[in-house]
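Here's the letter readout for the chains.
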Amino acid sequence: MNTENKIRAELLSLQDLEYKNFHSKLMPTVNPEAIIGIRMPILRKYAKSLAKTSDADEFLTILPHKYYEENNLHSLLIEPIKDYDKAISLTDEFLPYIDNWATCDLMSPKIFARHTDELFIKINEWINSEQAYTVRYGLGMLMRYFLDEKFEENHLELASKIISDEYYINMMIAWYFATALAKQWDAALPYVQQCRLEPWTHRKTIQKAVESYRISDERKAYLKDLRFRDWNGAGEGRL
């Protein structure tokens, strides 16, 4: 039995049909037949046992995968890699095959935290991609690593300039700005006050910010007043 079939058989042995039926409803972009149904703690445990083996190395060369959980396993096997160049190379190879928000948001190699200067260059490449989940991934990395001590105000501008009809990109832009409001209130607030985001993203940003436990009730009340602004009279806003 080759490595791909061996790993697939092991994944199928971990199937939970009740979880499959539940999880399939959360993944509208994935064919339900491509979902095995494995709870994440169990998949993480399996990935940990497989990591750093020859089977793991071979599995990372096999693309595309058949099952959603195989893609998630691929993400989890990249995560512990300690060589930055290798982690980036494998991430770049894998990103075009991602077809859902969960796999996209799962992949976060730990080594990235030690190479933020190089990572920022890659983020600029990713957010300018024509592939929706590559753009989403770039935004996710910008949110994860560049809203604390590495934050610069021009990062907000990078995110605000992304114009897309893709739901999963716009949702990530909203998530990014809601998190920015929690962590960098003074810098992020003008983007909402001046309607500098697309109308749907503007409203979703406020919704997610209002749901955040990291933003005070006073600030939430102020954001609610900004939810339905008149873009025609908002100065820097746009339709």
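Further up the page is the structure itself.
As the structure is a prediction and not an experimental result, all values here were calculated from the model.

A. Spatial organisation of unusual backbone geometry. A cis geometry characterises the amide bond from Leu-63 onward to Pro-64, with omega recorded as 0 degrees. Positive phi outside glycine occurs at Lys-52, with the angle close to 65 degrees. Inspection of the secondary structure puts Lys-52 in the loop between α3 (40-50) and α4 (54-59). Overall, Lys-52 belongs to the exposed group, its relative accessible area being 72%. Non-glycine residue Cys-195 carries a positive phi angle of around 55 degrees. Among the secondary structure elements, Cys-195 is positioned in the loop between α12 (185-193) and α13 (199-211).

B. Representation of empty space enclosed by the protein within the structure. With the rule as written, the count across this model stands at two cavities of 30 Å³ or more. Looking at the largest cavity, its volume works out to about 50 Å³. Surrounding the largest cavity, 11 residues form its lining, Ser-160, Ile-162, Ile-173, Glu-198 and Thr-201 being those nearest its centre. At the level of elements, α10 (154-160) and α11 (167-183) are the ones that each hand at least two residues to the lining of the largest cavity. Estimated volume of the second largest cavity: approximately 40 Å³. For the second largest cavity, the full set of lining residues is Tyr-19, His-23, Ile-38, Met-40, Leu-43, Tyr-68, Glu-69 and Asn-72. If one sorts the elements of the lining of the second largest cavity by residue count, helix α5 (residues 68-78) sits on top with three residues.

C. The side chain of His-74, seen in detail. For His-74, the location among the structural elements is in helix α5. Ignoring sequence-local partners within four residues, the contact set of His-74 consists of Phe-59, Leu-60, Leu-63, His-65 and Phe-94.

D. Molecular detail of the environment of Ala-188. Note that Ala-188 resides in helix α12. Classification of Ala-188 as buried rests on a relative accessible area of 0%. Residues Ala-188 and Leu-90 lie 98 residues apart in sequence; the distance between their C-alpha atoms is 33 Å. Dropping the residues within four chain positions of it, Ala-188 is found in contact with Leu-156, Ala-180 and Leu-181.

Analysis parameters
- Residues numbered from 1 in each chain as written.
- Predicted model: local features only at pLDDT ≥ 70, side-chain atom pairs only at ≥ 80, totals over all residues.
- Heavy atoms only, no water.
- Helix = DSSP H or I, 4+ residues; strand = E, 2+ residues; numbered from the N terminus.
- Buried < 20%, exposed > 50% of the residue type's maximum accessible area, 1.4 Å probe, protein only.
- 1 Å grid on protein atoms, 1.4 Å probe; cavity = no way out; pocket = protein on both sides within 12 Å on 5 of 7 lines; lining within 4 Å.
- Points joined across faces, edges and corners; volume = space filled by probe spheres on them.
- Contact = heavy atoms within 4.5 Å.

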